[in-house]
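# Descriptive analysis of the structure
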Amino acid sequence: MSVLDSKVPKGPLKTKWTDYKNHIDLVNPANKRNIDVIVVGTGLAGGSAAATLAELGYNVKTFCYQDSPRRAHSIAAQGGINAAKNYQGDGDSTYRLFYDTVKGGDYRSREANVYRLAEVSANIIDQCVAQGVPFARDYGGLLDNRSFGGVLVSRTFYAKGQTGQQLLLGAYSAMNRQIARGKITPFNRHEMLDVVKVNGKARGIIARDLVTGEIERHSAHAVVIASGGYGNVYFLSTNAMGSNATAAWKIHKKGAFFANPCYTQIHPTCIPRSGDYQSKLTLMSESLRNDGRIWVPKNIDDVMAIREGKKKPTDLSEDERDYYLERRYPAFGNLVPRDVASRAAKERCDAGYGVNATGEAVYLDFASAIERYGKEQAKIHNIENASKEKIYDLGKAIVEAKYGNLFQMYEKIVDQDPYKTPMMIYPAVHYTMGGVWVDYNLMTTVDGLYCIGEANFSDHGANRLGASALMQGLADGYFVLPYTIGDYLSHEIRTGKIATDTPEFDEAEKEVTDKINFFLNNKGSHSVDYYHKKLGKIMWDKCGMSRNAAGLKEAMVEIKELREDFYKNVSVPGTANELNAELEKAGRVADFLELGELFAKDALERAESCGGHFREESVEIGGEQEGEAKRNDADFAFVSAWEYKGEPSAAVLHKEQLEFNEIELKQRSYK
Amino acid sequence: MNLTLKIWRQKGPKDKGSMVDYKVTEISEHMSFLEMMDVLNEQLINKGEEPVAFDHDCREGICGMCSMFINGEAHGPDRGVTTCQLHMRMFKDGDTITIEPFRAKAFPVIKDLVVDRSSFDRIQHAGGYISVNTSGNTQDANAIPISKHAADEAMDAATCIGCGACVASCKNASAMLFVGAKVSQYALLPQGQVEAVDRVKNMVAQMDLEGFGNCTNTGACEVECPKGISLENIARMNREFLSANVKS
Ligand SMILES: Cc1cc2nc3c(=O)[nH]c(=O)nc-3n(C[C@H](O)[C@H](O)[C@H](O)COP(=O)(O)OP(=O)(O)OC[C@H]3O[C@@H](n4cnc5c(N)ncnc54)[C@H](O)[C@@H]3O)c2cc1C
Ligand code: SF4
Ligand code: FES
């Protein structure tokens with residue numbers, strides 16, 4: 001018997017969530033005052049959860065490693081947030097959003113969770129507008145939309161190219177209101193380093209004050225982890241420098257199962273790497289693919305000429321260019337989902353058609369969009385016989401209004417004007433679909449320990465469609481967790497304050513301080529980054545966009561060796577009782593060095609291609625889908641949930657079989 | 001490129017700091033300024049010395065965490081960018097670069113280049129929000145149309161990343177551009193009207209309490225602001241503040 005109970009409510013998919021809400025136990029408002037909740041992470045998921053729980057009346061403590069909740073990594077999201085509002089009248093509905101998300105995730109997500117997500121999505125927009133989030137409006141004063149990869153409707157709400165920023169500032173302002181009321185106590189520049197369990201239940205955390213170095217104990221009736229994704233296991237990714245797996249990994253070690261660690265999204269439109277010194281990769285929002293056309297030269301001679309600087313991309317005529325997405329996927333063209341677009345770019349570059357010095361770049365071209373918009377504007381403004389320059393200027397203004405800040409960002413980094421010459425892009429590690437396993441209530445396999453947002457695994461399957469992470473984070477935080485946690489907390493009203501001077505807290509604190517002392521006394525010969533970069537290289541080469549069994553086995557061995565070397569030879573300067581960035585990094589990289597190995601193990605186990613996870617042994621041979629990823633539903637329609645057993649290689653696999661009652665599993669075709 | 005860096009080193013909030021000289025070599029013009037700092041830090045760690053502490057996170061110009069004062073300018077010599085988006089192509093081989101923390105009474109130094117900007121958060125707690133219940137029962141978002149112009153203007157104000165460059169570059173260490181941006185965003189949207197009077201009064205009072213100076217219209221903040229927040233926001237805040245005081 002599996003130890004996993006997904007707790008998906010019975011009954012028809014369409015009424016599950018409503019029925020569930022009607023039947024859960026509630027906490028009397030007067031009792032909520034006596035209940036404490038810890039929320040680790042103040043991104044979209046944690047920030048919205050903290051604000052809502054405080055609004056309901058619970059006492060909330062929030063933690064984040066930045067100096068302010070407003071700086072959580074969610075701030076960087078550019079493109080937008082989905083919601084099934086059907087404002088465009090183009091046929092959108094809850095069902096269609098649900099369908100797109102399940103299909104986009106390559107049928108590896110939990111149906112009931114995704115349906116609930118689609119159901120509450122519309123409320124998110126109303127909530128955020130009421131909070132003063134300045135979503136884009138059309139000239140009639142109504143909300144504007146755009147569309148994203150993998151869908152045929154326009155359901156993405158946006159605030160220029162800064163949607164994540166605006167949504168996060170909205171959640172942060174909701175937090176501020178609760179901080180002012182004294183219902184949230186924020187612990188900024190604090191890092192959670194362990195969870196404390198008492199009689200099997202999560203009852204608190206150990207945190208380090210990152211300024212004074214003081215180790216603190218915090219107790220609560222429930223603990224919510226909202227610590228974001230672990231893409232930095234690759235060293236180079238689009239994540240913020242501090243994004244890490246520590247909170248999720250530490251709870252994994254204390255009994256929370258870790259699900260689908262190998263599901264990583266590689267985003268197709270990032271600024272290519274330019275050298276070894278590079279510290280991170282920068283995303284260019286996928287919304288650019290609405291108007292940009294992707295191509296490489298048809299002839300290898302032109303590729304060489306471009307690399308040597310003898311030709312410019314603008315020298316090539318239409319028929320000298322290979323618009324490979326439009327060629328291969330006529331139905332979706334440049335708007336295929338991320339995994340498909342990423343793999344197609346890598347395929348062209350591997351075949352030698354990459355257009356920059358490293359051979360790892362394709363073009364994203366706006367020339368035809370500028371011309372199209374220019375002509376349209378000329379018509380609108382009744383300009384007859386507009387000159388080429390006039391059309392360009394008019395078109396440029398439209399493109400600028402839509403994506404100006406992204407173009408500016410590109411120009412600052414690459415030192416080229418993308419209005420005049422096509423952008424260069426390449427896939428980069430972006431989002432982790434795997435994470436802590438949670439049931440329908442968003443509770444982990446540890447009682448009273450919840451996990452929301454990118455840190456959990458539940459809604460995106462093997463691949464995430466654009467603009468759905470923000471939706472999930474806010475859905476979890478504003479609308480789902482506040483209900484589900486209430487059901488649990490209704491049994492806690494007689495518990496009373498939880499003491500922190502107990503053996504359980506002593507023990508967890510000792511583990512944390514021992515580890516810190518170890519790092520500071522090790523006095524080895526290599527910096528933390530030295531190891532992080534090495535790990536990143538193994539991950540990218542062997543657990544990256546395409547993987548094979550032999551490489552994954554090697555990766556497991558290499559990561560283990562690297563980890564052993566790390567513990568022998570890492571050097572961490574400074575002391576414990578001060579701000580010490582190297583010490584912070586050491587702890588995070590130590591966890592990545594374990595997670596990386598489990599990642600490879602999970603990838604090895606999953607001998608199918610699905611989502612961004614392309615298994616070289618599993619590819620369609622012949623037929624219309626020749627060369628595309630080949631899913632194996634008969635053997636792999638399950639969630640892998642790993643139980644910690646001391647070493648990553650010893651982790652035990654539990655399977656949650658996925659049931660699809662509403663959706664027929666089909667080959668994912670975007671042709 | 002080979003460069004000489006003069007960097008402010010300060011062990012802790014109570015310690016006395018001083019400028020220390022460092023040399024870095026083989027800096028590529030494609031590097032970002034923070035990548036250049038990484039190179040320096042790697043070099044220091046390998047020598048067994050303490051790396052320079054500085055704040056940073058997204059390295060995409062959006063989180064507002066990075067905060068260096070470079071050659072006398074907040075976020076350095078380029079316009080419209082944060083330090084993490086500043087590129088080494090802005091410098092020349094052989095340059096000497098002075099790097100200091102953002103200095104203001106309301107931003108005490110924590111260590112080296114890291115300062116405490118929590119005063120900004122406390123201003124926000126004082127009223128930087130709309131009091132709406134997070135119940136999921138708010139009204140439909142298209143029920144109140146908002147003109148594109150107002151929405152765009154609110155968005156422009158809302159792009160402030162809370163970095164504090166405006167404070168650091170103001171001779172009075174005034175936070176008016178930051179607070180003006182916040183007040184403006186809500187003042188421009190119908191949802192923010194109801195509490196407008198209290199909001200501006202409370203936020204301004206908190207700003208004064210935190211020890212920020214007053215605006216004397218020098219405009220250095222606007223020049224150094226990486227997000228192009230305009231002085232108009234200060235004017236709008238002043239108008240809101242005046243009318244709030246008339247109303248009550
Ligand atoms: C460049 C970029 C662009 C994106 N664009 C889009 C988009 O257009 N649409 C979309 O839907 N999604 C987008 N995404 C994905 C989306 O932004 C993220 O998945 C989402 O914001 C994650 O939110 P979160 O709340 O789960 O975590 P985060 O926002 O990452 O928050 C994590 C929080 O946890 C805290 N934390 C972490 N560890 C600890 C610890 N040990 N102790 C204490 N605190 C801790 C951090 O301080 C932070 O507050 C984008 C992502 C990137 C990188
Ligand atoms: S107004 Fe400009 S300079 Fe001041 S905090 Fe905001 S973004 Fe930074
Ligand atoms: S590091 Fe985020 S703005 Fe510079």
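Residues numbered from 1 in each chain as written. Chains lettered and ligands numbered in written order. Predicted model: local features only at pLDDT ≥ 70, side-chain atom pairs only at ≥ 80, totals over all residues. Heavy atoms only, no water.

This part takes up the nonpolar core. Side chains of nonpolar character tend, in soluble globular proteins, to be buried together. All names here are of chain A. Ile 81 and Phe 135 are the most contacted members of the largest nonpolar core, which totals 161 residues. A total of 12 residues in this core trace back to one element, the largest contributor, which is helix α13 (residues 469-489). When residues no more than four places from it in sequence are discounted, the contact partners of Ile 81 are Ile 124, Ile 125, Phe 135, Arg 155, Thr 156, Phe 157, Thr 163, Leu 167, Ala 467, Leu 470, Met 471 and Leu 474. (Core = buried A, V, L, I, M, F, W, Y, C linked by side-chain atoms within 4.5 Å. Buried < 20%, exposed > 50% of the residue type's maximum accessible area, 1.4 Å probe, protein only. Helix = DSSP H or I, 4+ residues; strand = E, 2+ residues; numbered from the N terminus. Contact = heavy atoms within 4.5 Å.)

The next thing to look at is the site of ligand 2. Around ligand 2 sit Phe 120, Cys 160, Ile 161, Gly 162, Cys 163, Gly 164, Ala 165, Cys 166, Leu 177, Cys 225, Pro 226 and Ile 229 of chain B, and those are all the residues in its vicinity. Residues belonging to the shell around ligand 2 are distributed by class as follows: 10 nonpolar, two polar and no charged. (Near = heavy atom within 4 Å. Nonpolar A, V, L, I, M, F, W, Y, C, P; charged D, E, K, R; others polar.)

Further remarks concern the pattern of salt bridges. Oppositely charged side chains can pair when the atoms bearing their charge come close. All names here are of chain A. Counted by the stated rule, this structure contains 78 salt bridges over all chains. A salt bridge links Glu 597 to Arg 563; its shortest N-O distance comes to 2.8 Å. You can see Glu 597 sitting in helix α17 (residues 581-605) and its partner Arg 563 sitting in helix α16 (residues 549-569), a full 34 residues away along the chain. Summarising the burial analysis for this pair, Glu 597 and Arg 563 share the class buried. Taking the shortest distance from any N to any O, the salt bridge between Glu 582 and Lys 585 comes out at 3.0 Å. On the criterion of helical spacing, the pair formed by Glu 582 and Lys 585 is a turn pair, its members being three residues apart in helix α17. Within the structure, one salt-bridge network assembled from shared partners comprises Asp 106, Arg 108, Asp 339, Arg 606, Glu 608, Arg 631, Asp 633 and Arg 668. (Salt bridge = Lys/Arg side-chain N within 4 Å of Asp/Glu carboxyl O.)

Turning to the packing of aromatic side chains, a few remarks are in order. Residues and elements named next belong to chain A. Enumeration over the complete set of coordinates arrives at 38 aromatic pairs over all chains. With 5.1 Å between their ring centres and 70° between their planes, Phe 98 and Tyr 115 make a pair best called edge-to-face. Residue Phe 98 is found in helix α4 (residues 94-104), and its partner Tyr 115 is found in helix α5 (residues 111-130); the two are separated by 17 residues along the sequence. Judged on exposure class, the residue Phe 98 and its partner Tyr 115 are both buried. Both rings, one in Tyr 531 and one in Phe 566, keep their centres 5.3 Å apart while their planes meet at 85°; by these two values the pair is edge-to-face. Separated by 35 residues along the polypeptide, Tyr 531 in helix α15 (residues 528-543) and Phe 566 in helix α16 bring together distant segments of the chain. An aromatic cluster is defined as three or more aromatic residues linked by ring pairs; in this entry it consists of Phe 518, Phe 519, Tyr 530, Tyr 531, Phe 566 and Tyr 567. (Phe/Tyr/Trp six-rings, centres within 6.5 Å; stacked < 30°, edge-to-face > 60°.)

This paragraph deals with the site of ligand 1. As a matter of local geometry, ligand 1 sits amid 39 residues, with Gln 66, Ser 74, Gly 79, Met 192 and Glu 454 of chain A nearest to it. Residues within reach of ligand 1 are spread across chains A and B. One nitrogen or oxygen atom from the side chain of Gln 66 of chain A is found 2.5 Å from an oxygen atom belonging to ligand 1. For ligand 1, a nitrogen atom lies 3.3 Å from a polar atom in the backbone of Gln 78 of chain A. Taking 1,000 Å² as the accessible area of ligand 1 by itself, protein coverage stands at 98%. Of all the secondary-structure elements, those providing two or more residues to the shell around ligand 1 are α3 (44-56), β6 (190-198), β15 (423-432) and α13 of chain A. With three residues, the top contributor of residues to the shell around ligand 1 is β6 of chain A. In terms of residue class, the shell around ligand 1 is made up of 17 nonpolar, 18 polar and four charged. (Polar contact = N/O pair within 3.5 Å; in protein donor to acceptor, adjacent residues only side chain to side chain. Areas by Shrake-Rupley, 256 points an atom, 1.4 Å probe, with all protein chains shown as cover.)

Take helix α5 (residues 176-187) of chain B next. Taking 1.5 Å of rise per residue, the 12 residues of α5 of chain B would be expected to cover 16 Å, and the 15 Å separating its terminal C-alpha atoms lies within 8% of that figure. Considered for burial, the residues of α5 of chain B that qualify are Met 176, Leu 177, Phe 178, Val 179, Gly 180, Ala 181, Lys 182, Val 183, Ser 184, Gln 185, Tyr 186 and Ala 187 of chain B. (Expected span 1.5 Å × (residues − 1).)

Residue and element names in this part refer to chain A. Taken in spatial order, the five strands make up an open sheet running β5-β2-β1-β9-β17, and their pairing is parallel. Among the strands making up the open sheet, the edge pair consists of β5 (184-187) and β17 (449-451). Averaged over all neighbouring strand pairs, the angle between strand axes comes to 20°, with direction disregarded. Pairing of strand β9 (residues 222-225) with β17 involves three bridges; the strand directions are parallel. Bridging across to β17, Ile 225 finds its partner in Cys 451. (Pairing = 2+ DSSP bridges. Axes fitted to C-alpha atoms, helices over the stretch in contact; angles between N-to-C directions.)

Time to look at the interface of chain B and chain A. Between chain B and chain A, the contact holds 72 residues from the first and 78 residues from the second. Here chain B meets chain A over a buried area of about 6,000 Å², counting both sides, of which 52% is carbon and sulfur. If you look at where chain B meets chain A, you find nine salt bridges. Among the ionic pairs, Asp 67 of chain A bridges to Arg 117 of chain B, the shortest N-O distance being 3.7 Å. There are 43 residue pairs in polar contact (both at pLDDT 80 or more) connecting chain B and chain A. Looking at the side of chain B that touches chain A, the elements with two or more residues in it are α1 (33-46), β6 (109-111), β7 (114-115), α2 (118-125), α3 (148-158) and α5 of chain B. The greatest single-element share of the side of chain B that touches chain A, amounting to six residues, is contributed by α3 of chain B. Of the residues belonging to the side of chain B that touches chain A, the class tally is 28 nonpolar, 24 polar and 20 charged. (Buried area = accessible area lost by both parts, 1.4 Å probe.)

Right, let's talk about the domain arrangement of chain A for a bit. Residue and element names in this part refer to chain A. As assigned here, chain A comprises domain 1 (269-429) and domain 2 (524-638). With centres defined by C-alpha atoms, the gap from domain 1 to domain 2 works out at 31 Å. Taken together, the contact pairs nine residues of domain 1 with nine residues of domain 2. Interface area, domain 1 with domain 2, both sides summed: about 770 Å², of which 58% is carbon and sulfur. It is Asp 339, Arg 343 and Lys 346 that lose the most area in domain 1 upon contact with domain 2, and together they represent 54% of the buried surface on that side. Arg 328 is paired through a salt bridge with Glu 628; the nearest N and O atoms lie 3.1 Å apart. Broken down by element, the side of domain 1 that touches domain 2 gets its largest block of residues, four residues, from helix α10 (residues 338-353). Of the residues that constitute the side of domain 1 that touches domain 2, the class distribution is three nonpolar, one polar and five charged. (Domains from an automatic or database assignment.)

All names here are of chain A. Strand order in this open sheet of four strands is β16-β10-β20-β21, and the pairing throughout is antiparallel. Each edge of the open sheet is held by one strand with a lone partner, namely β16 (435-436) and β21 (652-657). Here α17 sits on the sheet and contacts β10 (258-259), β20 (638-643) and β21; the angle it forms with β20, its principal contact strand, is near 145°.

Another point: the UniProt feature "active site" (unreviewed entry) in chain A. Residue and element names in this part refer to chain A. According to UniProt, the feature "active site" (unreviewed entry) maps to Arg 338 in the numbering used here. The residue Arg 338 is located in helix α10 in this model. Taking the relative accessible area as the measure of exposure, Arg 338 reaches 4% and is therefore buried. Arg 338 has contacts with Phe 148, Gln 265, Ile 266, His 267, Pro 268, Glu 286, Arg 289, His 430, Asn 463, Arg 464, Gly 466 and Ala 467, leaving out every residue within four places of it along the chain. (UniProt positions renumbered as here; feature names shortened; annotations may be inferred.)

Our focus in this paragraph is unusual backbone geometry. One non-glycine residue, Arg 189 of chain A, adopts positive backbone phi at about 45°. Assignment of secondary structure puts Arg 189 of chain A in the loop between β5 and β6. With relative accessibility at 9%, the residue Arg 189 of chain A sits in the buried group. Even without being a glycine, His 75 of chain B presents a positive backbone phi close to 65°. Relative to the helices and strands, His 75 of chain B resides in the loop between β4 (73-74) and β5 (96-101).

What follows is about the confidence of the model for chain B. Residues with a pLDDT of 70 or more make up 100% of chain B, whose mean pLDDT is 96. In the predicted complex, the global pTM is 0.96; the interface-specific ipTM is 0.98. (pLDDT = per-residue confidence, 0-100.)

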